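Geometric and topological summary
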Amino acid sequence: MLATRALSLVGKRAISTSICVRGEHGVAKVDDYALPAYFDRRENPLPDVQFVTELSAVQKSLKEKEKGSWATLSNEEKIALYRISFKQSFAEMNEGTKEWKSVIAGMFFFIGMTGLVVLWQRKFVYGPVPPTFESEWKEKEVQRMLDMRINPVEGFSAKWDYENKEWKK
Amino acid sequence: MSLAKPAMRGLLGKRLRFHLPIAFALSLVAAAAFKYGVTEPRKQAYADFYKQYDTTKEFNNMRDAGVFESVRTTGE
């Protein structure tokens, strides 16, 4: 009982520096990261501790005034009380960063690097394309497709004028 | 400073009541547009093509072009 009262006097975050002794054994020292922490998260609107740990004299008197009727608080005092409990408002914590510019820049950079790699590969790695890509071969290929009437309704051969032996205008 | 209390309940219902009719309407419009922009013209194109189709003439043209393996070209 005495130990907990002593703890609350010391302050909410300073528990780590005081060790309560019960019986003959000491309790393990509590590290900072193991204590309830404050963080601004949209999905956790009421953090475990308030933001300001060491209240100044003005803030302490304000906290005393808060215990009375809230109608007597002015707007600035209400904002001051809010800022004691919270670091950033929801509007502040939700606002976007300018990170997207770096992201887009990085994307373009790596796409460009990939393009250079591809060009180098085309020149120094790959062999020649097959003979089926030559123009004479392609001409014979197109002629055979027209002879076979490939897609004569809406597709390939539909665009060829068989009477005049030319592509339809 | 006193702001109005924000809506605390019925948010999903409100969203659905707004968006679902629009979604259904847009889907119907998309389906109708595809039907009358793509499938009906396509059916018509096929109908017109086969109305004028002379099977024998096309067969002979293809045979003369030499694309068949089981039918020899004329005059061989």
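The structure reproduced in this document is the subject of the present report. (Residues numbered from 1 in each chain as written. Chains lettered and ligands numbered in written order. Predicted model: local features only at pLDDT ≥ 70, side-chain atom pairs only at ≥ 80, totals over all residues. Heavy atoms only, no water.)

1. Quick notes on the overall build of chain B
For clarity, the threshold we go by: In this text, helices come from DSSP runs of H or I with a minimum length of four residues, and strands from runs of E with a minimum of two, each type numbered from the N-terminal end. Note on areas: these come from Shrake-Rupley sampling with a 1.4 Å probe, and a residue is covered only by the protein chains present in the view.
For chain B, the helix and strand inventory stands at two helices and zero strands. Of the roughly 6900 Å² of accessible surface on chain B, a fraction of 61% belongs to carbon and sulfur atoms.

2. Digging into the interface of chain A and chain B
Where we set the bar: By the convention used here, residues are in contact when the closest approach between their heavy atoms is within 4.5 Å. Two parts placed together each lose some accessible area; with a 1.4 Å probe, that loss summed over both constitutes the buried area. Any carboxyl oxygen of Asp or Glu that lies within 4 Å of a side-chain nitrogen of Lys or Arg is treated as forming a salt bridge with it.
Listed by partner, the interface residues are 10 residues for chain A and 12 residues for chain B. Contact with chain B buries area across many residues of chain A, yet Arg149, Val153 and Glu154 of chain A alone supply 53% of it, more than any other trio. Linking chain A to chain B there are two salt bridges. Of the charged contacts in the structure, one is a salt bridge between Glu154 of chain A and Arg42 of chain B, with a shortest N-O distance of 3.1 Å.

3. Some points on the pattern of salt bridges
Put simply, the rule is: Throughout this description, buried means an accessible area under 20% of the type-specific maximum (1.4 Å probe, protein chains only), exposed means over 50%, and partly exposed covers the range between.
Applying the stated criterion across every chain, the model contains 13 salt bridges over all chains. The partner of Glu43 of chain A in a salt bridge is Arg41 of chain A, with the nearest N and O atoms 2.5 Å apart. You can call Glu43 of chain A exposed: its relative accessible area is 57%. Here Glu40 of chain B ties to Lys43 of chain B by a salt bridge, and the two come within 3.3 Å at their closest N and O atoms. Pair noted here: Glu40 of chain B and Lys43 of chain B are both in helix α1 (residues 11–51), with a separation of three residues, about one helical turn. Its relative accessible area of 28% is what places Glu40 of chain B among the partly exposed residues. Residue class for Lys43 of chain B comes out exposed when judged on its relative accessible area of 51%. One salt-bridge network, in which partners are shared between bridges, spans Lys35, Glu40 and Lys43 of chain B.

4. Some details on α1 of chain B
Under the convention used in this document: Here the expected length of a helix is defined as 1.5 Å per residue gap, with one fewer gap than residues. The reported bend at a residue is simply the angle between two axes, fitted to the 7 residues ending at it and to the 7 residues beginning with it.
In this model α1 of chain B runs 58 Å from its N-terminal to its C-terminal C-alpha over 41 residues, within 8% of the 60 Å that 1.5 Å per residue would give. At Lys35 of chain B, α1 of chain B shows its largest bend, some 35°.

5. A word on the layout of surface pockets
Note the following rule: A 1.4 Å probe that fits but cannot get out identifies a cavity on a 1 Å grid over protein atoms alone, an open set with protein on both sides within 12 Å along at least five of seven lines counts as a pocket, and a residue lines either if it has an atom within 4 Å of a point. Grid points are joined across faces, edges and corners, and a volume is the space filled by probe spheres set on the points.
Estimated volume of the largest pocket: approximately 590 Å³. Considering the residues around the largest pocket, the lining is formed by 22 residues, among which Arg149, Trp160, Tyr162 and Glu163 of chain A together with Glu58 of chain B are closest to the centre. Of all elements in the fold, only α6 (135–147) and β3 (160–161) of chain A together with α2 (55–65) of chain B reach the threshold of two or more residues within the lining of the largest pocket. Here the lining of the largest pocket gets four residues from one element, more than from any other, and that element is α2 of chain B.

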